[in-house]
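Structure assessment
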Amino acid sequence: MICDNCKVREAEVYQAHSGKRLCRKCFMKDIRERVKKESLKIGLDKASKILLAVSGGKDSYVLADTLSSFIDSNKLIAYNITEGIQGYNRYEQIVQLKRYLSSLGIELIEDSFKQGVGHTLDEMMKYSRNKGLNVSACTFCGGFRRKLINNAGRTVSADYVATGHNLDDEVQAIIVNLIRGDIIRLIRFADKPIKLSSKFVLRVKPLRRVYEWETTLYAYYGGYQFQEVECPYISTKPTLRSKVRELLYTLEDKKPGALLSILDEFDKIAEKVRKQSELKEELPTCKICGEPTSYGREICKNCELLISSGLLDPHQNLPIS
Ligand SMILES: [Zn+2]
Ligand SMILES: [Zn+2]
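Calculation notes
- Residues numbered from 1 in each chain as written.
- Chains lettered and ligands numbered in written order.
- Predicted model: local features only at pLDDT ≥ 70, side-chain atom pairs only at ≥ 80, totals over all residues.
- Helix = DSSP H or I, 4+ residues; strand = E, 2+ residues; numbered from the N terminus.
- Contact = placed C-beta atoms within 7 Å.
- Core = buried A, V, L, I, M, F, W, Y, C linked by C-beta atoms within 7 Å.
- Buried ≥ 20, exposed ≤ 12 C-beta atoms within 10 Å, placed from the backbone.
- Domains from an automatic or database assignment.
- Pairing = 2+ DSSP bridges.
- Axes fitted to C-alpha atoms, helices over the stretch in contact; angles between N-to-C directions.
- UniProt positions renumbered as here; feature names shortened; annotations may be inferred.
- Arc of directions from axis to C-beta.
- Parallel < 35°, antiparallel > 145°, perpendicular 65-115°, else oblique.
- Left-handed = near helix turned anticlockwise from the far one by under 90°.
- Nonpolar A, V, L, I, M, F, W, Y, C, P; charged D, E, K, R; others polar.

Looking at an unreviewed UniProt entry, the chain carries the name Adenine nucleotide alpha hydrolase, with the source organism given as Stygiolobus caldivivus.

1. Let's talk about the environment of Phe189
Secondary-structure assignment places Phe189 in the loop between helix 8 (183-187) and strand 7 (202-204). It is 22 Å that separates the C-alpha atoms of Phe189 and Thr285, two residues lying 96 residues apart in sequence. In this structure, Phe189 is in contact with Glu170, Ala173 and Ile174, ignoring residues within four places of it in sequence.

2. Quick word on the nonpolar core
Membership of the largest hydrophobic core comes to 70 residues, with the highest contact counts inside it found for Leu52, Ala64 and Ala162. At six residues, the largest contribution of residues to this core is made by helix 6 (residues 137-155). When residues of this core are assigned to domains, at least three fall in each of domain 1 (27-279) and domain 2 (283-321). Apart from the residues lying within four places of it in its own chain, the contact partners of Ala162 are Ile50, Leu52, Ala53, Leu63, Leu67, Val204 and Pro206.

3. Some remarks on the domain arrangement of the chain
Examined at the domain level, the chain breaks down into domain 1 (27-279) and domain 2 (283-321). Tallying the contact residues gives 16 residues for domain 1 and 11 residues for domain 2. For the side of domain 1 that touches domain 2, the secondary-structure elements that each account for two or more residues are helix 5 (121-130) and helix 6.

4. A short note on the sheet that holds strand 3 (residues 50-54)
A sheet is described by the order of its strands in space; here five strands give the open sequence 5-4-3-6-7, paired in parallel fashion. Looking at the sheet topology across the chains shown, the edges are occupied by strand 5 (107-112) and strand 7. If you compare each strand with its neighbour and ignore which way they point, the axes differ by 30 degrees on average. Against the sheet, helix 3 (residues 91-103) touches strand 3, strand 4 (76-82) and strand 5, its axis set at about 155 degrees to strand 5. Packing of helix 6 onto the sheet brings it into contact with strand 3, strand 4, strand 5 and strand 6 (160-163), and relative to strand 4 it is tilted by some 150 degrees.

5. Here's the deal with the UniProt feature "binding site: Zn(2+) 1" (unreviewed entry) in the chain
With numbering matched to this structure, UniProt assigns "binding site: Zn(2+) 1" (unreviewed entry) to Cys3, Cys6, Cys23 and Cys26. Annotated residues spanning 24 residues; largest pairwise C-alpha distance 8.1 Å, indicating a single compact cluster. Secondary-structure assignment places Cys6 in the segment before strand 1 (13-15). The class of Cys6 is partly exposed, set by 13 C-beta atoms lying within 10 Å. Setting aside residues no more than four positions away along its own chain, Cys6 makes contact with Cys23 and Cys26. Within the element layout of this structure, Cys26 appears in helix 1 (residues 24-42).

6. Observations concerning helix 5
When helix 5 is considered as a whole, its buried residues turn out to be Leu121, Asp122, Met124, Met125 and Ser128. Taken down its axis, helix 5 places every buried residue within 160 degrees of arc, on the same side. After helix 5 finishes, the residue Gly132 shows a positive phi value of roughly 80 degrees.

7. Quick look at the packing of helix 5 against helix 6
The contact between helix 5 and helix 6 brings their axes to 10 Å, and the two run at 130 degrees. Classified by the interaxial angle, the pair formed by helix 5 and helix 6 is oblique. Considering only the axes of helix 5 and helix 6, their crossing is right-handed. Within the contact between the two elements, helix 5 uses Leu121, Met124 and Met125 and helix 6 uses Ala137, Phe140 and Cys141. When its residues are assigned to classes, the contact of helix 5 with helix 6 shows six nonpolar, no polar and no charged.

Written as structure tokens, this is what we have:
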């Protein structure tokens, strides 16, 4: 079978959502073009500095590779957090990630929960379980990750923070927030970022129109040595999300391109809602750490988690070691 695009090389990939059979080269070109299109829409080409939030997983390799194909690499700086999960975080991984990024001319800033929060994720989980809290590791990890990434973006004066979320991640999150009725979070998922606090660096997702299977294949073709081990805390992940995930796979299977149409429709609706909404007001800041928190809160969710786990004394405002 010949490639539908170049009509020269042998086709290797069937792209169900476009109905095309592509050769390896045309497939990779298609991914880079889609990432570029999304990035230009956001205005990434005009940024003077972009912080890439990387993890060592396949999507971070794809993010660095595709962005550096049309953005000068000295405008890109990568940032990685070691969570501190026994048996999961490996030293070789950081070395490989660093080597790959440096081959693209991108510097890597290395950070960890231990350094930035004062405790590894394993420690946070141990303390919270001892206090009888039933908080998933993803809640700790997600919240502190967001906070540290935002801090890093501010420190390097980045115009944007780019994350490696793909189409599957994005649509799952939209449906989950829709079910939960979390409108503020929901409309922040749209294509154009909104800034609710002067302390926030705008977050963008250049891979949000690329299917997860496509980033996997791209990473495989690229020959990257990415983290393939699953996080040991994955079983404690919220079940609603896994149910939504299964549902979306069934839908995509029956109607290829369904995820892309959901995202397109969602972006249109979000744009209308945002125009009418009153989301102009600056978010309040946490009394303890000084970072932005949700409307109506005095202490942010992160500090609250540390306090309830016995890892932070609210009166002394100091980490307990
Ligand atoms: Zn081709
Ligand atoms: Zn706080």
